[in-house]
Amino acid sequence: MRIHWAPLRKALPTTAVRDLWRMLSLCAIVGIVAGLGAIAFYVMLDGARWFFLEYLAGYHPHPPGGEAPLFAPPATEFRRWVLLFLPALGGLIVGPIVYWLAPEAEGHGTDAAIDSYHNKGGRVRGRVPLIKALVSAITIGTGGSAGREGPIAQIGSGFGSQLASWLKLRPHERRILMAAGMAAGVGAIFHAPLAGALFAAEVFYRELDLEYEVIVPAVISSVVAYSVFSLAFGWEPLFITPKFVFNQPLQLVPYLILALVVAAGAAMYTKTFYGVRDMFLRIRIPPHFKPALGGLVVGVIGYFLPEAIGTGYGLVQQAFDGHAGVWLLMAVGVGKMVTTAFSVGSGGSGGVFGPAIVIGGALGGGTGLILADLMPWAQVQPGAFALVGMAGFFAAAANTPISTIIMVSEMTGNYHLLVPSMWVCFIGFMLCKRCTIYEKQLATRFDAPVHTGHMMKVVLQRIKVAHLVEDGGLGKLTTLREDADMASMSELFFNNEHSSFPVLDRDGKLVSVVSYRDLWSVVDQQDLSSIVLAADLAHEPFTIEKDD
């Protein structure tokens, strides 16, 4: 009996399909590990907060509505003076660990992941995620103003990179797994799986450009990580909000004012952060002690304004609930810019997304309270302005309007403010395109080294030889006779933009090619210049058809 193999071959998966399923399976593994890493990191964060802020200082920051503390509050009375020195203590611990073991763990972490994606083939050292988790927990737990996004991005991307290295995958696949790990970590710890995936595709560029090949793997890893994390800590969003709605077109006017406020605030936030960072780079003391020096400044501000240290998520929850006054919100909005700059810019470790949404929420809530008095006809809801301000501020500061709109909606469980969020986010993005809190971002995919070769290949495949020799291309093709002397060749080369010319025989057939380099090799030989002909300099021709 004769076996027909063709139908069987069609039924079997192709190499491309097998590679796709292999990559998606690896992304699911990255999601599981990133989810477990997010659980461990969250426990470390809450444990450090409980010990340093609650047990030592007696300070009990208000939590966000969707997260309950893991540890029972101690009976320590509030000792404000401890806040003066607690961030400096954290800096003293963090500085030596970072600079001796993993200098990449310094700063907010997301920039390191972006740089690794663009310039290092997606490589992240194996020790970095562990060191980053430890030092970030200490920085935030001792009162440093920093967020979770940078550390968890480096934790997730670090595992994705290491998994690719263990399996000896290609650099392209390593970069995808690295980005998928970043998406998984962010999606899990912020209760925002879709936004985590979009953030990982959008954050690499300042313009509205996406790493589209990252989106599907990032969605897979983010969903898995979110599910793992939520099994441990519940499925509620990070914040609990009233049922804010947008049902009055006239509200776009006060929301336009909010867009201007958050855009100005985002520009100030970026300039303050990198101004402080550059100042600390110039300070001539051992780098191990710089985080402690920055912590002293944070402690002084925290003594007078405790709401400006730590994560600050509780203040945003109070703004949603209408329990925070306009002066407190505005003071925290400005004060947290400074404490974040000195906590992270001095060499500490932690993210900049968390502080950004607190600053945006504070500025938005304060602006909403002011406009509610000035524009009673607009029916302004200050809590809604706090929510939209969170989105608009970070979208402007990070140049990530698409993912930020989704992220704030997922973090708050409120999708009724998508219209004003889009309005504020894209206006803020357009006003702040020249500044970004992520300095390693590139402008577009055209500027990315990893895409240059592919783009050049696509461009060259679309160009035909005929296009280059027609008028409007490189000009009409100029040729040489094989009996052309040195003077004729010199005049042709020096009066023409081309560097090589075809040489034709008496019948007009191509016999060879002569180049400018060939001419230059004998130009100094005066005794030969009168007898050298084009045929003497020519090389064998390499021919291409017009349609190639």
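See above for the structure.
Caption draft 1: Seen up close, the overall build of the chain. Secondary structure summary: the chain contains 22 helices and three strands in total. Here the chain, with 548 residues, has 53% of them falling under the buried criterion. By sequence separation, contacts in the chain at least 24 residues apart represent 78% of the contacts at least 6 residues apart.

Caption draft 2: Local environment of the side chain of Glu54. Mapping Glu54 onto the fold places it in helix H2 (residues 15-56). Glu54 gets classed as buried once you look at its relative accessible area, which sits at 5%.

Caption draft 3: Structural view of the pairing of strand S2 (residues 500-504). The buried fraction of S2 is high, at four of five residues. Pairing of strand S1 (residues 480-481) with S2, which is carried by two bridges, proceeds in the parallel orientation. By the bridge assignment, Leu480 is partnered in S2 with Val503.

Caption draft 4: Summary view of the packing of helix H6 (residues 149-166) against helix H7 (residues 171-189). Between H6 and H7, the shortest axis-to-axis distance is 7 Å and the interhelical angle comes to 145°. Crossing hand, H6 versus H7: right-handed. Where H6 abuts H7, its residues Glu149, Ile152, Ala153, Gly156, Ser157, Gly160, Ser161, Leu163, Ala164 and Ser165 lie against Arg174, Leu177, Met178, Gly181, Met182, Gly185, Val186 and Ile189. Split by residue class, the contact of H6 with H7 holds nine nonpolar, seven polar and two charged.

Caption draft 5: Expanded view of unusual backbone geometry. If you check the backbone angles, His191 has positive phi at about 55° while not being a glycine. Within the secondary structure, His191 sits in the loop between H7 and helix H8 (193-202). In this structure, Gln379 is a non-glycine residue whose phi angle is positive, near 55°. Counting through the fold element by element, Gln379 comes out in the loop between helix H14 (353-374) and helix H15 (382-398).

Each value, and the rule that gives it
- Residues numbered from 1 in each chain as written.
- Predicted model: local features only at pLDDT ≥ 70, side-chain atom pairs only at ≥ 80, totals over all residues.
- Heavy atoms only, no water.
- Helix = DSSP H or I, 4+ residues; strand = E, 2+ residues; numbered from the N terminus.
- Buried < 20%, exposed > 50% of the residue type's maximum accessible area, 1.4 Å probe, protein only.
- Contact = heavy atoms within 4.5 Å.
- Pairing = 2+ DSSP bridges.
- Axes fitted to C-alpha atoms, helices over the stretch in contact; angles between N-to-C directions.
- Left-handed = near helix turned anticlockwise from the far one by under 90°.
- Nonpolar A, V, L, I, M, F, W, Y, C, P; charged D, E, K, R; others polar.

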